[in-house]
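Structural overview
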Amino acid sequence: MDSHSTEAVYRGNLDRIVAKIRDERGLDLAQYRRRYVERRLASRLNALGLHSYRQYSAYLDEHPEEYAKLIDTLTINVTQFFRDPTVFDVFRKQIIPELLEEKRRRHQRMVRVWSAGCSTGQEAYSIAMSFLAGMGAAKSDFLLSILGTDIDPKALEIARRARYPIDQLAHIPPADRRMFVDEMGDTFQIKPEVTRLCRFQRLNLFTDPPIHVVDVVFCRNVFIYFNREEQDRLLGVFWSALTRGGYLVLGRSERIPPGSEPRFELVNGRERIYRKPHARP
């Protein structure tokens, strides 16, 4: 068999394992370069002493906990400000204005956002900065509240301190940096104008009482760690939490599996932004 035929066989195998990961965890690897996916999978096969994608597929069936290690390897699990800037760009320029306009039409002032799986707080503060910048002069017209929840109490303590290493500053857009950050040597502090909008609490997404009446749920790069049954349960939690017309923002490599209940409307496929319909179908 020549090298081209050998590569064709492995491409077929790769497509099958990629489809399996997508179906089992909703992790869409289409945004990654094929060679990158091959290298990342090879690192897991080498660690386990396996030689083919077929063997690895069987291993995943027998050891579901391996998905978490695989996902960490594939997604380079990091927490940073404005992770995937294009997501926050769409959120700031499209979603926030639409949300605020709807609030005005309904004569409502309260805007509530839930950052589910907030880790050390960068996402919650990125959301707050996005709203403050997006609201402009209308800031006094609305009461914004952002709740960050996580299962890790140590991460939540870091979030509440709102002080981060200076190397993380590069991820914050320059205009936001000037308005919302105080540099302090080798660290920087998020200004009170931002931190007063955010609160943090420990919460297990599956066992603790759910959050209710929120306009936006961010759950980014968390969803893929759960199996399909757990994902469906989580979608039910978010559905119950969201107001009619509320938004759900997932990670760039995540998607809601087809046929999942409850049904969310797709707002932006590239940025994985969904919406709870205003009325039941």
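Up top is the structure these notes are about.
Residues numbered from 1 in each chain as written. Predicted model: local features only at pLDDT ≥ 70, side-chain atom pairs only at ≥ 80, totals over all residues. Heavy atoms only, no water.

**What about empty space enclosed by the protein?**
Overall, the coordinates contain one cavity of 30 Å³ or more when judged by the stated rule. Taken as a whole, the largest cavity holds about 30 Å³ of empty space. Along the walls of the largest cavity sit Arg-112, Val-113, Ser-145, Ile-146, Leu-147 and Val-214, which together make up its complete lining. Residue assignment for the lining of the largest cavity shows that the elements contributing at least two residues are β1 (110–116) and β2 (143–150). (1 Å grid on protein atoms, 1.4 Å probe; cavity = no way out; pocket = protein on both sides within 12 Å on 5 of 7 lines; lining within 4 Å. Points joined across faces, edges and corners; volume = space filled by probe spheres on them. Helix = DSSP H or I, 4+ residues; strand = E, 2+ residues; numbered from the N terminus.)

**So, the sheet that holds strand β3 (residues 163–165)**
Across the sheet, three strands lie side by side as β3-β5-β4; this open sheet has antiparallel pairing. Across the chains shown, the open sheet's two edge strands, defined by having one partner strand only, are β3 and β4 (181–184). Direction aside, the axes of adjacent strands within the sheet are offset by 30 degrees on average. In the sheet, β3 pairs with strand β5 (residues 187–190) via three bridges, with the strands oriented antiparallel. Within β5, the residue paired with Pro-165 across the bridge is Thr-187. (Pairing = 2+ DSSP bridges. Axes fitted to C-alpha atoms, helices over the stretch in contact; angles between N-to-C directions.)

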